[in-house]
Amino acid sequence: MDRQRGVYFIANDFILDRAIAFLNSFRRYNTSIPLCLIPYADDIDRLAALRDRYDFDIWADSELLDTCDEISRTFHGVARTERKYRKLATWEGAFDEFAYFDCDTVVLHDVSFVFRYLDQYAFITGYANSPGTRHLVWEDSIYETGALTEEQIAYAAGTGFVASRKEHLPFAEVQRRLPAAQKLAPHMYLETCDQPLLNYLMVTSGLPYTSLNIAAAANGASDVAVERWGGLPIGEIRDGAVVSPESPPTLFVHWAGLWYRNGTDLARIPGADLSDLPNYELWRYYRDQPVG
C-alpha cells in the first residue's frame, strides 16, 4: 500500500528567524518530501509568504488546534496556553506516515530513512532512555503512584522529534485517555509543556515505541543519524555540515531550552546578541543561506 509521507513543524512570525533556519536546512537535504506548517498562533503572514519558496502547506483545521490549546490549559491552568500541544493534531493530518520537528532545529540529513522503522515501531523519538533526562518528563514522585512501570518512566523521550503513523494516536483516543493522564499532572515536569503528556500517551498505548539510537542498535546499524542537543559540542562545522562528528551521524541539532535569557525568549529582546548561543555558527549558517 502506498502511504502518503510528510513532515510537520510548528511556527509563527514571532520565531521567523528560527523557522527560516529550519526551512533552509530541511530543504537542503529534503528537496521533495511534503512539508506542512502547523501555525503556533494566528500571526503567520510573513511565514506564509515563504510557502512557495520552501514548498510547504499550511494546516487548515483551526478548530482542532483550538481543542489542543484547551488540552494545554487543563495541565497549565486557564490563564496559560501552551500551543506546543498542537503537535497532538499531527495524527489527524494529511500524512499517513509523518515526522514532526520542533522549529528550533537545523536538519542535517535526509529524513526518509526514518519511515522504514515505522514497520517495527509505532512511535519513534530522537532520543530516549537516558537517566539524565528523566527529570525533563517526570517528577521523582511518579514512582510512588504505581501508574507506570519503571521501564515506561525510563523511556522519558524528548518530543522535539516524533515519527509515527496517523492510526496510532487518533485524536478521539487522546481525548479518551486524557482523564487518566490528567491525574498524573502533579507528577509531570510541565515546564517541558507537551512532553510528559506525549510520553504518557506513547508508553501506555500498548504499541511499540523507541528512539532512533535504540532502533539502530536493534537493527544492527551503527550509522543511523540521530538528534544532538545544541548545548553540547557537536564537532567541527564546515559549510553547514558537521564534518568531524562523534558516531553516529547527525539527523538534526536541537537548541531546546537555549533560546531564553533569564526566562525571556530572545525574540522578545530587541537587538539581542545571539552570538553566545551554543553552536551559533551552525544555526547562523542556515539562517543566512537561502534555498536554491
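Structural notes, computed from the coordinates. (Residues numbered from 1 in each chain as written. Predicted model: local features only at pLDDT ≥ 70, side-chain atom pairs only at ≥ 80, totals over all residues. Heavy atoms only, no water.)

**What about the overall build of the protein?**
When helices and strands are tallied, the protein shows ten helices and 14 strands. Going through the 292 residues of the protein one by one, you find that 52% of them count as buried. The contacts of the protein with a sequence gap of at least 6 include a subset with a gap of at least 24, amounting to 77%. Carbon together with sulfur atoms contributes 47% to the accessible area of the protein, which is approximately 13100 Å² in total. Counting 27 positive and 41 negative side-chain charges, the protein places the averaged centre of each group 1 Å from the other. (Helix = DSSP H or I, 4+ residues; strand = E, 2+ residues; numbered from the N terminus. Buried < 20%, exposed > 50% of the residue type's maximum accessible area, 1.4 Å probe, protein only. Contact = heavy atoms within 4.5 Å. Areas by Shrake-Rupley, 256 points an atom, 1.4 Å probe, with all protein chains shown as cover. Lys, Arg positive; Asp, Glu negative; His and termini not counted. Charge placed at Lys NZ, Arg CZ, Asp CG, Glu CD.)

**Some words on the side chain of arginine 86**
With respect to the element layout, arginine 86 can be found in the loop between helix H4 (62–76) and strand E4 (97–101). Looking at arginine 86, its side chain comes within polar contact range of the main-chain oxygen of proline 39, at 2.6 Å. In this structure, arginine 86 is in contact with Ile10, Ile38, Pro39, Tyr40, Ala41, Leu65, Asp66, Cys68 and Asp69, ignoring residues within four places of it in sequence. (Polar contact = N/O pair within 3.5 Å; in protein donor to acceptor, adjacent residues only side chain to side chain.)

**A closer look at the sheet that holds strand E8 (residues 209–211)**
Two modes of strand pairing occur in sheets, parallel and antiparallel, and in both the strands are linked by backbone hydrogen bonds. As summarised here, the arrangement of the seven strands in space is E3-E2-E1-E4-E7-E6-E8, forming an open sheet in which the pairing is mixed. One side of each edge strand has no neighbouring strand; the edge strands of this open sheet are strand E3 (57–58) and E8. With five bridges connecting them, E4 and strand E7 (residues 161–165) associate as antiparallel partners. Considered in E7, the bridge of glutamate 97 is made with arginine 165. Its contacts with the sheet place helix H1 (residues 16–29) against strand E1 (5–11), strand E2 (35–39) and E4, and it is angled at close to 165° to E1. (Pairing = 2+ DSSP bridges. Axes fitted to C-alpha atoms, helices over the stretch in contact; angles between N-to-C directions.)

**Examining the packing of aromatic side chains**
Enumeration over the complete set of coordinates arrives at 18 aromatic pairs. Judged by centre distance (5.3 Å) and plane angle (85°), the ring pair of tryptophan 91 and phenylalanine 98 falls under edge-to-face. Owing to a relative accessible area of 2%, tryptophan 91 belongs among the buried residues under this scheme. Linked through ring pairs, Phe9, Phe22, Phe26, Phe56, Phe101, Phe161 and Phe252 together constitute an aromatic cluster. (Phe/Tyr/Trp six-rings, centres within 6.5 Å; stacked < 30°, edge-to-face > 60°.)

**So, the side chain of histidine 187**
Here histidine 187 shows up in the loop between helix H7 (171–183) and helix H8 (195–203). A relative accessible area of 18% places histidine 187 in the buried class. Discounting residues that sit within four places of it in the chain, histidine 187 has contacts with Val137, Trp138, Glu139, Ser141, Ile142 and Thr145.

**A few points about the packing of H7 against H8**
A pair of packed helices is captured by two measures, namely the crossing angle of their axes and the spacing between those axes. Here H7 crosses H8 at 110°, and the two axes come no closer than 11 Å. Between H7 and H8, the interaxial angle falls into the category roughly perpendicular. Helix-helix and strand crossings are classified by hand; for H7 and H8 the assignment is right-handed. Residues Val174, Arg177, Leu178, Ala180 and Ala181 of H7 lie in contact with H8, whose contacting residues are Leu197, Tyr200 and Leu201. In the contact of H7 with H8, the residues fall into seven nonpolar, no polar and one charged. (Parallel < 35°, antiparallel > 145°, perpendicular 65-115°, else oblique. Left-handed = near helix turned anticlockwise from the far one by under 90°. Nonpolar A, V, L, I, M, F, W, Y, C, P; charged D, E, K, R; others polar.)

**Observations regarding the sheet that holds strand E9 (residues 226–229)**
Taken together, the three strands give an open sheet; going across it, the order is E5-E12-E9, and neighbouring strands pair in mixed fashion. A strand with exactly one partner marks an edge of an open sheet, and here the two such strands are strand E5 (105–107) and E9. Going across the sheet, the axis of each strand differs from the next one's by a mean of 25°, ignoring polarity. Note: E5 against strand E12 (residues 250–254), three bridges, orientation antiparallel. Residue valine 106 lies in a different strand from E12, and its bridge partner there is valine 253.

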